[in-house]
Amino acid sequence: SGAVTNPNRTRLHRAVRAVPDEFLLVETDSPDQTPWNRRPGPNHPAFLIDIISTIGAIRDQSPERIAQITADNAIRLFAAP
């Protein structure tokens, strides 16, 4: 969620690095958990890119790679076609 974008959440960042790719998911948690750079204000699903970009930076992967990993995992998790 947007909490990962807080630069002071080092424990959370360590957890993000530790999660294997096949278990990684993202969420907006709208209207709460607004990304750090968009506070104050409500969260919106469009801000998911901020979360994906932050996770990519933490894991030293591109946002596109994180988006693909998490999309594949969500499809598998929810058995979506």
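Provided above is the structure to which this section pertains.
This one's a predicted model, so the numbers in the text were calculated from it and none came from an experiment. (Residues numbered from 1 in each chain as written. Predicted model: local features only at pLDDT ≥ 70, side-chain atom pairs only at ≥ 80, totals over all residues. Heavy atoms only, no water.)

Caption draft 1: How the structure looks around a nonpolar patch on the surface. A contiguous nonpolar patch, built from Leu 25, Leu 77 and Phe 78 and spanning about 330 Å² of accessible area, is present on the exposed surface. As for its position among the elements, Leu 77 is in helix α3 (residues 63-78). (Patch = residues over 30% accessible without salt bridge, like charges linked within 9 Å, V, L, I, M, F, W, Y side chains within 5 Å. Areas by Shrake-Rupley, 256 points an atom, 1.4 Å probe, with all protein chains shown as cover. Salt bridge = Lys/Arg side-chain N within 4 Å of Asp/Glu carboxyl O. Helix = DSSP H or I, 4+ residues; strand = E, 2+ residues; numbered from the N terminus.)

Caption draft 2: Representation of the pattern of salt bridges within the structure. All chains considered together, the criterion is met by three salt bridges. Its salt-bridge partner being Asp 21, residue Arg 59 comes within 2.4 Å of it at the nearest N-O pair. One end of the pair, Arg 59, is in helix α2 (residues 48-59); the other, Asp 21, is in the loop between α1 (10-18) and α2, with 38 residues separating them in the sequence. Taking relative accessible area as the criterion, Arg 59 reaches 14% and is therefore assigned buried. You can call Asp 21 partly exposed: its relative accessible area is 25%. Its salt-bridge partner being Arg 38, residue Asp 50 comes within 2.3 Å of it at the nearest N-O pair. Taken together, the residues Asp 50 in helix α2 and Arg 38 in the loop between α1 and α2 connect sequence positions 12 residues apart. Judged by relative accessible area, which is 35%, Arg 38 ranks as partly exposed. What you see here is one network of salt bridges that share partners, running through Asp 21, Arg 59 and Arg 65. (Buried < 20%, exposed > 50% of the residue type's maximum accessible area, 1.4 Å probe, protein only.)

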